[in-house]
Amino acid sequence: MTDMTERNRTENSDGEKESPQTRKPTRRGGGDPATRGRTTIADGVVEKIAGLAARDVLGVHTMGSGLSRTFGAVRDRVPGGSKSVSRGVKAEVGELQTALDLEIVVDYGVSIADVARAVRENVIAAVERMTGLEVVEVNIAVSDVKLPDEEDEEPESRLQ
């Protein structure tokens, strides 16, 4: 071996020589990289997750009060507008926990208690899985019942 090669080698903890290519990288900054820094989740993110999860439950006709649905339907018709998946959902998000308020309209004939339980379970599972936040409460307000012969309140499109 040349002098240069010998100088580039170091001894490991067992007293054996190792080359620069076999050295383990030195950890800098201390601690697990996943614990360095802070992650914040906006209220709107949790509201969207909860809104989508609630709409997946059989028996939930729509979300929001009559007034918010009416405004939402108009907003949906505006070019460039999109459906609001967070309509009828309000979230308060802390660093580790979140609380949710949902306003739903149920289909006529379903058990409101069963629908509310299923919504609560689905929303909690989705929010906790996707965000890592603990859901401390999900309050559900049933604002209306959709009767089979009622038309939806959304205005019909003028375009065919």
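Calculation notes
Residues numbered from 1 in each chain as written. Predicted model: local features only at pLDDT ≥ 70, side-chain atom pairs only at ≥ 80, totals over all residues. Heavy atoms only, no water. Helix = DSSP H or I, 4+ residues; strand = E, 2+ residues; numbered from the N terminus. Contact = heavy atoms within 4.5 Å. Areas by Shrake-Rupley, 256 points an atom, 1.4 Å probe, with all protein chains shown as cover. Buried < 20%, exposed > 50% of the residue type's maximum accessible area, 1.4 Å probe, protein only. Core = buried A, V, L, I, M, F, W, Y, C linked by side-chain atoms within 4.5 Å. Salt bridge = Lys/Arg side-chain N within 4 Å of Asp/Glu carboxyl O. Axes fitted to C-alpha atoms, helices over the stretch in contact; angles between N-to-C directions. Parallel < 35°, antiparallel > 145°, perpendicular 65-115°, else oblique. Left-handed = near helix turned anticlockwise from the far one by under 90°. Nonpolar A, V, L, I, M, F, W, Y, C, P; charged D, E, K, R; others polar. pLDDT = per-residue confidence, 0-100.

A short note on the overall build of the chain
Point 1. Of the regular secondary structure elements, the chain holds 4 helices and 6 strands.
Point 2. Going from the N terminus to the C terminus, the chain shows its helices and strands as α-β-β-α-β-α-β-β-α-β.
Point 3. In the chain, once contacts between residues fewer than 6 apart in sequence are set aside, the share between residues at least 24 apart is 68%.
Point 4. Surface accessibility of the chain: about 11,300 Å² in total, with carbon and sulfur atoms responsible for 50%.

Let's talk about the environment of Glu121
Point 1. Looking at where Glu121 falls in the secondary structure, it is placed in helix 4 (residues 112-131).
Point 2. You can call Glu121 partly exposed: its relative accessible area is 48%.
Point 3. Residues Glu121 and Ala54 lie 67 residues apart in sequence; the distance between their C-alpha atoms is 9.2 Å.

A word on the nonpolar core
Point 1. One finds Leu100, Leu102, Val119, Val123 and Val127 to be the most contacted residues of the largest nonpolar core, which totals 24 residues.
Point 2. Contributing elements (two or more residues each) for this core: helix 2 (43-55), strand 3 (60-63), strand 4 (89-93), strand 5 (97-107), helix 4 and strand 6 (134-146).
Point 3. It is helix 4 that provides the largest number of residues to this core, a total of 6 residues.
Point 4. For Val123, the residues in contact, after removing those within four places along its chain, are Ala50, Ala53, Ala54, Leu100, Leu102 and Val138.

Describing the pattern of salt bridges
Point 1. For the structure on display, the rule yields 2 salt bridges.
Point 2. Salt-bridge contacts for Asp114 lead to Arg117; the nearest nitrogen and oxygen are separated by 3.7 Å. Here Asp114 pairs with Arg117, and both are found in helix 4, just 3 residues apart, close to one helical turn.
Point 3. Overall, Asp114 belongs to the partly exposed group, its relative accessible area being 40%.
Point 4. With a closest N to O distance of 3.8 Å, Glu121 and Arg117 form a salt bridge. Taken together, the positions of Glu121 and Arg117, both in helix 4 and 4 residues apart, correspond to about one turn of that helix.
Point 5. Assessed through its relative accessible area of 42%, Arg117 is described here as partly exposed.
Point 6. Three or more residues joined by partner-sharing salt bridges are found here, namely Asp114, Arg117 and Glu121.

Section: the packing of helix 2 against helix 4
Point 1. Running from N to C, helix 2 and helix 4 point in directions that differ by 140°, and their axes come no closer than 8 Å. Taken together, the axes of helix 2 and helix 4 are oblique relative to one another. The two elements helix 2 and helix 4 cross, and the hand of that crossing is right-handed. For the pair helix 2 and helix 4, the contacting residues are Val46, Ile49, Ala50, Ala53 and Ala54 in the first and Val119, Asn122, Val123, Ala126, Val127, Met130 and Thr131 in the second.
Point 2. Along the lines of polarity and charge, the residues of the contact of helix 2 with helix 4 split into 10 nonpolar, 2 polar and no charged.

Regarding the confidence of the model for the chain
Point 1. Summary statistics for the chain give a mean pLDDT of 81 and a share of 64% for residues scoring 70 or more.
Point 2. Below pLDDT 50 for its whole length, residues 155-160 participates in 5 contacts with residues either more than four positions away or in separate chains.

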